[in-house]
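Okay, here's what each chain looks like letter by letter:
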Amino acid sequence: MTAWQTLFPETFLNVFKFNDTKASQYLCMVIYNCLNDLSTQQLIKHPDGLTVVEYIIQCSQTESHPDWGLLILEELLQNNEFIMTQLEGLSSSSKTVLLELMAAKLDSPASEECDQTNSIKIPAFTIAFLAEIFETQASGIVQSAVNERDKDENAVDSVLVIHLLQVLCLATCRPQQYGIIQSRTSLLTLVLELLHKAHLAGKSGDNVFSTRQTLSGQEDSVDNPLHGFKSDLIRLIGNLTYRNKNNQDLVRELQGIPLLLDHCNVDECNPYMNQWAIFAIHNLCEDNTENQAFIANMQRTGIADSDVLTDMGIEVQERNGKLYVKSTKKSHPDNTS
């Protein structure tokens, strides 16, 4: 602790400013070994603490074994106050690093067993705080993405929103740890609204939200930060409605069931979208007779067009209430003599 009292924050900042990778790694090793409740609070609350954290995040992006910068961040992420006090002031790139780290830890099998030595436990309070940020930041993301103006600024917003969404998707997979998120009906309402807006925007013109059953000639769509956005929205809806009667009913009341059923198709811009939609419908209907009856009473209006089936030479027809599949490919006689 004496080293921390002597070096923090002036000496830490001076060493980082040398921009020497090895020196920065050694300093991160010192910081990591000095971390305890008191030093963590000083790092979080000191006016220069944010700058030190920025340098630590930069250091975590350099190859090193062990990665002392990464080890520090893993410790900080377990603190209730770290994200709440530091995230807003960080640069966009640093926010992305932290959110990607959180997603990686939440996606790790070890995160389900929080008593393991190689796992970290991200507080439920932190996830709830990120949900609040998502609700604030994501409301206008669809219109911003469709609007051709200010592309660079919108791209940064899109990156933040999509990373927040991915963290929420992974966290809500574990209701035993993060069940508090299911009580945020405002989050579920927003997610349904975003999916509805993205669905309408995709139908209104050729944009990032348009359904594409093949990516031929659409390589830019893969690089768009909103690639997979609708899939993640549907995944989150499925997680929020898992064995939660209030949320199941809310989705039905907000006309979310037809919306989800309309996404039970292939969209190469949204990998696994149809699987997540089926998963969400399953969760909506589990032990919910009202939702089951709602779907049972829906009427079939026709057969959806499918470019994939057309490319495969398959046509689906409806006759007398039954579906028939036939090949549209012409057979060619052998040319052998």
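Just so we're clear, the structure is a prediction, and the values are computed from it rather than from any experiment.

What counts as what
Per-chain numbering applies: the sequence of each chain, read as written, is numbered from 1 onward. Restriction of local features to residues with pLDDT of at least 70 applies here, the model being predicted, together with a cutoff of 80 or more for giving and counting side-chain atom pairs; totals for whole chains, interfaces and linings are based on all residues. Note that the side-chain values use all heavy atoms of the structure and ignore hydrogens as well as water. What makes a nonpolar core is a set of buried Ala, Val, Leu, Ile, Met, Phe, Trp, Tyr and Cys residues whose side-chain atoms join them at distances within 4.5 Å. Burial classes: relative accessible area under 20% of the type maximum marks a residue as buried, over 50% as exposed, and values in between as partly exposed (1.4 Å probe, protein chains only). For helices the rule is a DSSP run of H or I covering at least 4 residues; for strands it is a run of E covering at least 2, with both sets numbered from the N terminus onward. Contact between two residues is taken to exist if any of their heavy atoms lie within 4.5 Å; hydrogens are not considered. Helix axes are fitted only over the stretch in contact, all axes being lines through C-alpha atoms; the angle between N-to-C directions runs from 0 to 180 degrees. In this scheme the handedness of a crossing depends on how the near helix is turned from the far one: anticlockwise by less than a right angle means left-handed, clockwise means right-handed. When residue character is reported, Ala, Val, Leu, Ile, Met, Phe, Trp, Tyr, Cys and Pro are called nonpolar, Asp, Glu, Lys and Arg charged, and the others, Gly included, polar. Side-chain atoms alone can form a polar contact between residues adjacent in sequence; in general such a contact is a pair of N or O atoms within 3.5 Å, and within protein one must be able to donate a hydrogen while the other accepts it. Helix span is expected to be 1.5 Å times the residue number reduced by one. In the sections that follow, a salt bridge refers to a side-chain nitrogen of Lys or Arg positioned within 4 Å of a carboxyl oxygen of Asp or Glu.

**A look at the nonpolar core**
Next, step 1: Counting 87 residues, the largest nonpolar core has Ile127, Phe134 and Phe229 as the members making the most contacts within it.
Next, step 2: Among the elements that make up this core, the one with the highest residue count is helix α11 (residues 151-171) (10 residues).
Next, step 3: Other than its neighbours up to four places away in sequence, Phe229 contacts Ile141, Val142, Val161, Ile162, Leu165, Leu194, Phe209 and Asn270.

**Concerning the packing of helix α13 (residues 185-204) against helix α16 (residues 245-253)**
Next, step 1: Relative to each other, α13 and α16 sit at 30 degrees, their axes nearing to 11 Å. As α13 runs across α16, the sense of the crossing is right-handed. Side by side, α13 and α16 meet where Thr185, Leu188, Thr189 and Leu192 of the first sit next to Asn247, Leu250 and Val251 of the second.
Next, step 2: Across the contact of α13 with α16, the residue classes break down as four nonpolar, three polar and no charged.

**Observations concerning the environment of Asp206**
Next, step 1: Along the chain, the position of Asp206 falls in the loop between α13 and α14 (219-223).
Next, step 2: In this structure Asp206 comes out as exposed when scored by relative accessible area, which is 65%.
Next, step 3: On a C-alpha basis, the gap between Asp206 and Val146 in space is 9.4 Å, while along the polypeptide they are 60 residues apart.
Next, step 4: Of note is the side chain of Asp206, whose polar atom sits 2.4 Å from the side chain of Arg212.

**Points about unusual backbone geometry**
Next, step 1: The amide bond that connects Phe8 to the next residue, Pro9, takes the cis arrangement and shows omega of -5 degrees.
Next, step 2: Note the cis peptide between His65 and Pro66, where omega equals -5 degrees.
Next, step 3: With respect to the helices and strands, Pro66 occurs in the loop between α5 (49-60) and α6 (68-77).
Next, step 4: With phi around 50 degrees, Arg243 is a residue other than glycine that occupies positive phi space.
Next, step 5: On the secondary structure map, Arg243 appears in the loop between α15 (229-240) and α16.
Next, step 6: Here the phi dihedral of Tyr272 falls at roughly 65 degrees; this positive angle occurs in a residue that is not glycine.
Next, step 7: Counting through the fold element by element, Tyr272 comes out in the loop between α17 (256-261) and α18 (273-285).

**Description of α15**
Next, step 1: Look at α15: 17 Å from first C-alpha to last across 12 residues, which is about the 16 Å you get at 1.5 Å a residue.
Next, step 2: All of the buried residues in α15 are Phe229, Lys230, Ser231, Asp232, Leu233, Ile234, Arg235, Leu236, Ile237, Gly238, Asn239 and Leu240.

**Digging into the environment of Gly205**
Next, step 1: Relative to the helices and strands, Gly205 is located in the loop between α13 and α14.
Next, step 2: Of the residues examined, Gly205 reaches a relative accessible area of 30% and is grouped as partly exposed.
Next, step 3: Separated by 59 residues in sequence, Gly205 and Val146 have C-alpha atoms that sit 9.3 Å apart.

**Some details on the pattern of salt bridges**
Next, step 1: Under the defined criterion, the tally for this structure stands at 11 salt bridges.
Next, step 2: With a shortest N-O distance of 3.9 Å, Lys45 and Glu81 are connected by a salt bridge. Residue Lys45 is located in helix α4 (residues 37-45), and its partner Glu81 is located in the loop between α6 and α7 (82-86); the two are separated by 36 residues in the primary sequence.
Next, step 3: When the shortest N-O distance is used, the salt bridge between Glu290 and Lys245 registers 3.7 Å. Taken together, the residues Glu290 in helix α19 (residues 289-296) and Lys245 in helix α16 connect sequence positions 45 residues apart.
Next, step 4: Judged by its relative accessible area of 34%, Lys245 falls in the partly exposed class.
Next, step 5: What you see here is one network of salt bridges that share partners, running through Lys245, Asp249, Arg252 and Glu290.

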